[in-house]
Amino acid sequence: GGVTLIYTVRPQRVITAVQTVGNTVLDDPDLAREIGLLEGTAVDRTQLDRAARRIEGLYREEGYYNALVTIDEKELEETGAVVFRVREGVRTVITAIRFVGNNSIGDDELDGQIESNVKSLIFRKGLLDNDKLEDDVAKIVKYYKDRGYIDVRVGTIITPSQDGTEAIVEFVSEEGSVSILRDVKVVYADGDEGVYTPQQLVGLMPLKPGSIYRDELLRRSLEAVQAAYVKMGYADVKVSRRELRAQDGTNQVDL
């Protein structure tokens, strides 16, 4: 009824050398700063993958959004050398930015929220940067939610030219409806009922029942309630919120 347990121990391979190949736009010292000190250390797949992604990020900053960095597995296995193979691709510039599905908010308003720009005499680079596009999507979502569109969804569609040097970027929005705050209820932890009444807490909130459910006002409301408790000496107060959607199919929300 017993078992024999065998532990098989294999020493980690030590990295004998680090090299980058295929990089013509960025030189070896630039990439070495992103890779860090690997020579002489044990092979750590997580660290190697992170180094490869950092190199790709460096290329994206220069407009090479299709850059791909891989590790030569055969070389690593046979000699212990880490060789980062870089496929740079081509630099891509944005020639047009379009907004789709924004029926309630104008193009100019949304364009004022993003950092990505079209190549021009003013913005000479106009480079396509995936990280910047992700930030732009988050900013557009925030802009909508601050106006009551709490169910908004935003994505991007990138249409590159045949040679990959140019691209059209579309920000696609599914707005949903403007949500209205129907009611505010206050739930206390045990023993906390005597500090403020629900009416007092609701009175502190800039977000009132019947008003548009704006994210900015919601944030300020939570801060106002928390600040009120801090003033009374409750430095460790925690204020959380939960949204309850109306079940009648309307756009009303209980907080």
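Residues numbered from 1 in each chain as written. Predicted model: local features only at pLDDT ≥ 70, side-chain atom pairs only at ≥ 80, totals over all residues. Heavy atoms only, no water.

### Here we look at the environment of Gln199
Worth spelling out the cut-off: Helical segments are the DSSP runs of H or I of at least four residues, strand segments are the runs of E of at least two, and each set is numbered from the N terminus.
Secondary-structure assignment places Gln199 in helix H6 (residues 198-204). Along the chain, Gln199 and Lys185 lie 14 residues apart, while their C-alpha atoms are 9.4 Å from each other.

### Focus: the packing of aromatic side chains
Let me state the cut-off plainly: Only centres within 6.5 Å qualify two rings of Phe, Tyr or Trp (six-membered ring in Trp) as a pair; their planes then separate them into stacked at under 30 degrees, edge-to-face at over 60, and tilted for everything else. Exposure is judged per residue with a 1.4 Å probe applied to protein chains only, and the accessible area is read against the type maximum: over 50% gives exposed, under 20% gives buried, and values in between give partly exposed.
Inspection of every chain in the model, using the stated rule, returns five aromatic pairs. Ring centres of Tyr59 and Tyr64 lie 6.0 Å apart, and the angle between their planes is 90°; this geometry places the pair in the edge-to-face category. A single burial state applies to Tyr59 and to Tyr64, both of which are buried. When the centroid spacing of 6.0 Å and the interplanar angle of 80° are considered together, the rings of Tyr229 and Tyr234 count as edge-to-face.

### Observations regarding the environment of Asp107
Here is the rule we go by: When checking whether two residues touch, look at their non-hydrogen atoms; a contact exists if any pair is within 4.5 Å. For this analysis, a polar contact is any N or O atom pair within 3.5 Å, provided that within protein one partner can donate a hydrogen and the other can accept it, and provided that sequence-adjacent residues contribute only side-chain to side-chain pairs.
Along the polypeptide, Asp107 turns up in helix H4 (residues 107-111). Asp107 gets classed as partly exposed once you look at its relative accessible area, which sits at 39%. Placed ten residues apart in sequence, Asp107 and Ile97 show a C-alpha to C-alpha distance of 9.8 Å. If near-sequence neighbours (up to four positions away) are discounted, Asp107 is found in contact with Phe99 and Asn102. A distance of 2.7 Å separates the side chain of Asp107 from the side chain of Asn102, its partner in a polar contact.

### Comments concerning the packing of helix H1 (residues 28-35) against helix H2 (residues 45-61)
A packed helix pair is summarised by two numbers, namely the angle formed by the two axes and the spacing between the axes. Definition in use: Axes here mean lines fitted to C-alpha atoms, for a helix over just the part in contact, with angles spanning 0 to 180 degrees between N-to-C directions. Roughly parallel means an angle under 35 degrees; roughly antiparallel means over 145; roughly perpendicular covers 65 to 115; every other angle is labelled oblique. Left-handed describes a crossing whose near helix is turned anticlockwise from the far helix through less than a right angle; right-handed describes the clockwise counterpart. All amino acids are sorted into three groups, where Ala, Val, Leu, Ile, Met, Phe, Trp, Tyr, Cys and Pro are nonpolar, Asp, Glu, Lys and Arg are charged, and the leftover types, Gly among them, are polar.
Where H1 contacts H2, the two axes come as close as 8 Å, and the packing angle between them is 130°. Our classification of the angle between H1 and H2 gives oblique. For the crossing formed where H1 meets H2, the hand is right-handed. Side by side, H1 and H2 meet where Asp30, Leu31, Glu34 and Ile35 of the first sit next to Ala51, Arg54, Ile55, Leu58 and Tyr59 of the second. For the contact of H1 with H2, the per-class residue count stands at six nonpolar, no polar and three charged.

### Brief notes about the sheet that holds strand E1 (residues 17-21)
Formally: Pairing between strands is defined by DSSP: at least two bridges between the two strands are required.
A sheet is described by the order of its strands in space; here three strands give the open sequence E1-E3-E2, paired in mixed fashion. The open sheet has two edge strands with one neighbour each: E1 and strand E2 (68-71). Across the sheet, the mean angle from the axis of one strand to that of its neighbour is 20°, orientation sign disregarded. Bridging between E2 and strand E3 (residues 81-87) involves four bridges; their strand directions are antiparallel. Bridging across to E3, Leu68 finds its partner in Arg87. The sheet strands contacting H1 are E1 and E3, and the helix crosses E1 at an angle near 130°.

### Things to note about a negative patch on the surface
Put simply, the test is: A patch consists of residues exposed above 30% relative accessible area that lack any salt bridge, with like charges linked at up to 9 Å and nonpolar side chains (Val, Leu, Ile, Met, Phe, Trp, Tyr) linked at up to 5 Å. Working definition of accessibility: Shrake-Rupley area with a 1.4 Å probe, residue cover restricted to the visible protein chains. The salt bridge definition used is simple: a Lys or Arg side-chain nitrogen within 4 Å of an Asp or Glu carboxyl oxygen. Charge convention: Lys and Arg are scored as positive, Asp and Glu as negative, and His as well as the terminal groups of each chain are ignored. Charge positions come from single atoms, namely NZ of Lys, CZ of Arg, CG of Asp or CD of Glu.
Taken together, the side chains of Asp107, Asp108, Glu109 and Asp111 present a region of like negative charge at the surface. Looking at the secondary structure, you find Asp111 in helix H4.

All we've got here are geometric facts, nothing functional implied.
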